[in-house]
Amino acid sequence: MTGLDQESFPPPGLDLSRPSVARVYDYYLGGTANWEIDRQFAERMMRDYPMVRPIALANRRFLHRVVRYLVRTGIRQIVDLGSGVPTMGHAHEIAEQIAPGEVKVAYVDCEPVAVAHSTSLLRENGDLARHVAIHADLRDPQRLWSRIAGTAVIDLDQPVAVLLISVLHFQQPPAPGSGSTEDLGPSLVAAYRDLLAPGSYLALSHATDQGVPPEFARMLADAKERYAAAGNDLIYRDRAEITALFGGFTLLEPGVTWTPLWHPEEASADDTTIRADAPNESLLLAGVARKDV
């Protein structure tokens, strides 16, 4: 695992008994921070549904376009929640292309590999005064926000861009022992919206089974079963439900749309993973909204 030769691997807390969402996604994107159990799961998905990798790549390139766009608008702080393994262009690398030396980025994840790998990469290729990786649970907003503040990298009294990319279509269950099976996703997003300073932005992408090509319906149903068997329940929301996640924030144009259609002018030359005439093959709706007050 490149860049991790000096680290203690597997890191403490790592569960190798089942595939990890973050590590499987890393493999879809061509990364190396994954184990055999993750590769086997991903290979079976890609064997049966070759479109899985293009969908993952289109989602990653949506993140790139969001970072470029928001940094051009003046955002200088980014919090990437559920950041996963930093593969195929990290947020801070994209930001450096637009505003070298100016943008601060905090990566947050509960997956030990993602945090360990991020920390190692930032130590080698980042700026520790401006970039940080944090191990925290999305389901505890106040504690997570406190952890970010404690790094002194991000000033939470100033505007930030919060990224929730491909996070909320994985069920966010209550703490073990609560006896509840409710998905906390919408209430958690509302909590983070409340924590944001005015002038901040919320960006998210989310899988949907509404309006997708009919031939993709089987893949969505099968993926739901496979991920559930691996301990990661998928939730598909429709456009109205995804739009509601932004609350009273002001949606930027073009609103909630398929990932390839969000500001394609910010695309790089190789951003061609989904056919331009079939954006719904991305299976993910996305948007960005601003907190005005």
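These remarks concern the structure in this document. Computed from a prediction, not measured in an experiment: that's the story for all the values here. (Residues numbered from 1 in each chain as written. Predicted model: local features only at pLDDT ≥ 70, side-chain atom pairs only at ≥ 80, totals over all residues. Heavy atoms only, no water.)

1. Describing the pairing of strand S4 (residues 161–165)
Logical step 1: The element S4 is extensively covered by neighbouring structure, given that 5 of its 5 residues are classed as buried.
Logical step 2: Direction of pairing for strand S1 (residues 77–81) relative to S4: parallel, over a ladder of 3 bridges. Note on S4: the bridge partner recorded for Val79 is Val162.
Logical step 3: With 5 bridges joining them, S4 and strand S5 (residues 201–207) adopt parallel strand pairing. Pairing of Leu163 across the sheet is with Ala203, part of S5. (Buried < 20%, exposed > 50% of the residue type's maximum accessible area, 1.4 Å probe, protein only. Helix = DSSP H or I, 4+ residues; strand = E, 2+ residues; numbered from the N terminus. Pairing = 2+ DSSP bridges.)

2. A short note on the pattern of salt bridges
Logical step 1: With the rule as written, the count across this model stands at 13 salt bridges.
Logical step 2: The salt bridge partner of Arg39 is Glu36, with a shortest N-O separation of 3.4 Å. Residue Arg39 and its partner Glu36 are located together in helix H2 (residues 36–48), separated by 3 residues, close to a single helical turn.
Logical step 3: Of the residues examined, Arg39 reaches a relative accessible area of 27% and is grouped as partly exposed. (Salt bridge = Lys/Arg side-chain N within 4 Å of Asp/Glu carboxyl O.)

3. Quick look at the packing of helix H1 (residues 21–28) against helix H3 (residues 52–73)
Logical step 1: For the pair H1 and H3, the least separation of the axes is 9 Å and the interaxial angle reads 100°. As the angle between them shows, H1 and H3 are arranged roughly perpendicular. Judged by residue contacts, Tyr25, Tyr27 and Tyr28 of H1 engage Val52, Arg53, Ala56, Asn59 and Arg60 from H3.
Logical step 2: Broken down by class, the residue content of the contact of H1 with H3 amounts to 5 nonpolar, 1 polar and 2 charged. (Axes fitted to C-alpha atoms, helices over the stretch in contact; angles between N-to-C directions. Parallel < 35°, antiparallel > 145°, perpendicular 65-115°, else oblique. Contact = heavy atoms within 4.5 Å. Nonpolar A, V, L, I, M, F, W, Y, C, P; charged D, E, K, R; others polar.)

4. Concerning H3
Logical step 1: For H3, spanning 22 residues, the distance from its first C-alpha to its last is 32 Å, which sits close to the expected 32 Å at 1.5 Å a residue.
Logical step 2: Counting buried positions along H3 gives 17 out of 22 residues, so the element sits mostly inside the fold.
Logical step 3: Once H3 finishes, Gly74 follows within two positions and takes phi at roughly 120°, a positive value. (Expected span 1.5 Å × (residues − 1).)

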